[in-house]
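Read off the chains here:
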Amino acid sequence: MPSSVVNSFIYFPETEILRIIYQSGSVYDYFKVPVHIVDNFGKASSRGKYLNKVIKPRFRYKKVK
């Protein structure tokens, strides 16, 4: 389902980094994100809401671009 906030995402399982590319063009890495969270994020009816309620409060992140 298209998101008004999230353009796309990439998961690096070996480092548990979730890279989110926002519609604005900004790119953030979220650290130590378990695969089950990424799976739920990918299946969420609203990725923006899931990001704000589940991922941002629980995982450290850093702006990449």
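Given the structure is predicted, the values throughout are model-derived calculations rather than measurements.

S.K.: Got a minute to help me understand the sheet that holds strand E2 (residues 17–22) in this structure?
M.R.: By way of backbone hydrogen bonds, the strands of a sheet pair with one another, either parallel or antiparallel. Ordered by their spatial adjacency, 4 strands build an open sheet running E1-E2-E3-E4, and the pairing between neighbours is antiparallel. The open sheet terminates on both sides in strands that have one partner only, identified here as strand E1 (6–12) and strand E4 (61–63). Direction aside, the axes of adjacent strands within the sheet are offset by 20° on average. Pairing of E2 with strand E3 (residues 27–30) involves 4 bridges; the strand directions are antiparallel. Its bridge partner lying in E3, Ile20 is registered against Tyr28. Packed onto the sheet, helix H1 (residues 35–43) meets E1 and E2 and runs at close to 155° relative to E1.

S.K.: Which parts of the structure should I look at to understand the environment of Asp39?
M.R.: Topologically, Asp39 is positioned in helix H1. Here the alpha-carbon distance between Asp39 and Asn52, two residues 13 residues apart in the chain, equals 16 Å.

S.K.: Teacher, can you tell me more about the packing of aromatic side chains here?
M.R.: The description of an aromatic ring pair rests on the distance of the ring centres and on the angle between the ring planes. Per the counting criterion, the structure on display carries 5 aromatic pairs. Note on Tyr28 and Tyr61: the rings are 5.9 Å apart at their centroids and 65° apart in plane angle, and the pair reads as edge-to-face. Within this pair, whereas Tyr28 is found in strand E3, its partner Tyr61 is found in strand E4, the two being separated by 33 residues in sequence. Linked through ring pairs, Tyr22, Tyr28, Tyr30 and Tyr61 together constitute an aromatic cluster. Above the ring of Phe41, the side-chain terminus of Arg47 is found at 6.0 Å from the ring centroid. Its guanidinium or amino end placed over the ring of Phe31, Arg60 lies 4.4 Å from that ring's centre, counting from NZ or CZ.

S.K.: What should I look at first to understand the packing of H1 against helix H2 (residues 47–58) in this one?
M.R.: Their axes nearest at 9 Å, the elements H1 and H2 cross at an angle of 160°. Considered as vectors, H1 and H2 are oriented roughly antiparallel to each other. Classified by chirality, the crossing of H2 by H1 is left-handed. On H2, the residues touching Ile37, Asn40, Phe41 and Gly42 of H1 are Arg47, Tyr50, Leu51, Val54, Ile55 and Arg58.

Cut-offs and rules
Residues numbered from 1 in each chain as written. Predicted model: local features only at pLDDT ≥ 70, side-chain atom pairs only at ≥ 80, totals over all residues. Heavy atoms only, no water. Pairing = 2+ DSSP bridges. Helix = DSSP H or I, 4+ residues; strand = E, 2+ residues; numbered from the N terminus. Axes fitted to C-alpha atoms, helices over the stretch in contact; angles between N-to-C directions. Contact = heavy atoms within 4.5 Å. Phe/Tyr/Trp six-rings, centres within 6.5 Å; stacked < 30°, edge-to-face > 60°. Lys NZ or Arg CZ within 6 Å of the ring centre and 35° of its normal. Parallel < 35°, antiparallel > 145°, perpendicular 65-115°, else oblique. Left-handed = near helix turned anticlockwise from the far one by under 90°.

Distances and angles like these do not, on their own, reveal function.
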